[in-house]
Amino acid sequence: MLSPARETPAQSESYHGQRPVDALTGFEVTADFERFNQKYDMFNRAVWDDEVRSERANKFFESYFTDLAQFRKVEGFQHRDYALRNAAWYIADFTADLLELSGDRKEGFLDSYTMFREGATRKSQASAQEHTAELKRAGRFLGADSIGVCEFDERWVYTHNYSRQKLTTKAMDLPEDLTHVVVIVNEMDHAIIETVPSALSGAATGQGYSRDIIAALSITQYIRNLGYRAVASLNDTALSIPLAIQAGLGQYGRHGLLITPEFGPRVRIAKIFTDLPLNADRPIDFGVTETCNICQRCSTACPVKAISFEEPNFDTHDGISHLKGIKKWTINAKQCFKFWANQGTDCSICIRVCPYNRDFSKAMNRILRWMLSNRWRRLALWLDAKLKQGERKTAGWWWRRPADG
Ligand code: SF4
Ligand code: SF4
């Protein structure tokens, strides 16, 4: 495999000072801020960077596509667990593979989706208010568990795409004049996430992505059918979390993830860039920052201590795979990915233990969530720990559950 010379992530643009929305999202953006180049994403570094790539990392990637001969005897990493994980990933992998060899596009992970019919030639003349209400109704119907809208913010758009076929950066192909971003989240299964760490729990990740894709592609075609442009994106093209926060879907957690009121951090995100006239939502605040200030449960539980115990800061760890010029909690992505590679599947321990990762169909958990939003926060954390919520369950427990349970 080629080994390109190690580069520093040179960026050409800088952004001076805060934007009004930053006061609502809690991000402090300085004049040093630089947009992110997709080449430095940890999954891409695992392909070209000797500091990240390894035999273990190769096996990790291959395990999603092999004949499952590599499964282990350990509970949660057996044949049935990998079989389900890889089946749950199938839609995401299938759509990503469609144009990888013929068109050098890995859609959903490196490139935006292109698999759409022509839309209408005549534009819908409804008002922005009507379009927004109807989009949200249609989006829920088409499979989004939650949906929000923010204004287009180029700070979160990558400077370049990356080709894992050619090991080079590629020009970003997102039109520059789109005005809004529709952000959707889909819930990952709560019971299966309780078995983390396990290969079985990776099925929740794959299923979350696969459900996102169905909803995002359908919503994109709906917007095109209204006569407007729309570009569907999963992990490609732009950073999903700041857009989701700006779209009012949740807040930023110490573990570097979006925390939603409905599903906590147990979500996967997709987004649609569009010029459909829409009204943006406002960021929400349900007390997450104040909870994270005193909780640290994810930092303690992380097996490789990749999650900070400190206040939000400008730390960029090895300075290559993290945003520069923004004050926030930033996980050590290199340490995190190494753990994934070593155990042969993704990890969501920080999601499992988070006190916002609860089944909110239960009244007790809704009360605890309310307490986390106010002066009862410390008591809520104590009660949550006493109830042993977030403790690991075995994969066998999940497999023995009734099929509709
Ligand atoms: S586990 Fe605690 S500190 Fe970590 S993100 Fe969740 S609430 Fe915040
Ligand atoms: S996914 Fe696992 S390894 Fe990565 S930060 Fe979370 S707990 Fe740590």
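For the structure, see preceding data.
The text that follows walks through the structure, step by step, so that each part is easy to find. As the structure is a computational prediction, the values presented were derived from the model and not from experiment. (Residues numbered from 1 in each chain as written. Chains lettered and ligands numbered in written order. Predicted model: local features only at pLDDT ≥ 70, side-chain atom pairs only at ≥ 80, totals over all residues. Heavy atoms only, no water.)

## As for the overall build of the protein chain
- Broken down by element type, the protein chain carries 17 helices and 10 strands.
- For 405 residues, the compact-globule formula gives about 22 Å, and the C-alpha radius of gyration of the protein chain, at 21 Å, lands near that figure.
- For the protein chain, the exposed area adds up to about 18,500 Å²; of that, 54% sits on carbon and sulfur atoms.
- If you average the places of the 53 positive and of the 50 negative side-chain charges in the protein chain, the two averages end up 6 Å apart. (Helix = DSSP H or I, 4+ residues; strand = E, 2+ residues; numbered from the N terminus. Rg over C-alpha atoms; globule rule 2.2 N^0.38 Å. Areas by Shrake-Rupley, 256 points an atom, 1.4 Å probe, with all protein chains shown as cover. Lys, Arg positive; Asp, Glu negative; His and termini not counted. Charge placed at Lys NZ, Arg CZ, Asp CG, Glu CD.)

## Considerations on the packing of aromatic side chains
- Using the criterion set out here, one finds 21 aromatic pairs in the structure.
- Arranged with centres 5.9 Å apart and planes meeting at 55°, the rings of Phe 43 and Trp 340 form a pair that is tilted. Of the two residues, Phe 43 sits in helix H2 (residues 42-48) while Trp 340 sits in helix H13 (residues 333-343), which places them 297 residues apart along the sequence.
- The residue whose ring lies beneath Lys 39 is Trp 48, and the NZ or CZ to ring-centre distance is 4.7 Å.
- In this structure, Lys 123 is placed above the aromatic ring of Tyr 228, and the distance from its NZ or CZ to the ring centre is 5.1 Å. (Phe/Tyr/Trp six-rings, centres within 6.5 Å; stacked < 30°, edge-to-face > 60°. Lys NZ or Arg CZ within 6 Å of the ring centre and 35° of its normal.)

## Overview of the environment of Thr 169
- Within the secondary structure layout, Thr 169 lies in strand S4 (residues 168-171).
- By relative accessible area, which is 35% here, Thr 169 ends up partly exposed.
- Setting aside chain neighbours within four positions, we find Thr 169 in contact with Asn 37, Lys 39, His 160, Asn 161 and Tyr 162. (Buried < 20%, exposed > 50% of the residue type's maximum accessible area, 1.4 Å probe, protein only. Contact = heavy atoms within 4.5 Å.)

## Regarding the site of ligand 2
- By nearness alone, every residue bordering ligand 2 is listed as Cys 302, Pro 303, Val 304, Ile 307, Cys 336, Phe 339, Trp 340, Cys 347, Ile 349 and Cys 350.
- Those elements giving two or more residues to the shell around ligand 2 turn out to be H13 and helix H14 (349-353).
- If you tally residues by element for the shell around ligand 2, the top one is H13, at 3 residues.
- Among the residues making up the shell around ligand 2, the classes are represented as 10 nonpolar, no polar and no charged. (Near = heavy atom within 4 Å. Nonpolar A, V, L, I, M, F, W, Y, C, P; charged D, E, K, R; others polar.)

## Some details on empty space enclosed by the protein
- Summed over the entire model, instances satisfying the criterion amount to 2 cavities of 30 Å³ or more.
- Taken as a whole, the largest cavity holds about 90 Å³ of empty space.
- As for the largest cavity, its lining consists of 13 residues, of which Cys 292, Cys 295, Cys 298, Cys 354 and Pro 355 are closest to the centre.
- Of all the secondary structure elements, the ones that give two or more residues to the lining of the largest cavity are helix H11 (288-294) and helix H12 (297-301).
- Considered as a void within the structure, the second largest cavity measures approximately 30 Å³ in volume.
- Taken together, Glu 100, Asp 104, Arg 105, Lys 106, Leu 110, Asp 111, Tyr 162, Ser 163, Arg 164, Gln 165 and Lys 170 make up the full set of residues lining the second largest cavity. (1 Å grid on protein atoms, 1.4 Å probe; cavity = no way out; pocket = protein on both sides within 12 Å on 5 of 7 lines; lining within 4 Å. Points joined across faces, edges and corners; volume = space filled by probe spheres on them.)

Shape descriptors only; they carry no functional weight alone.
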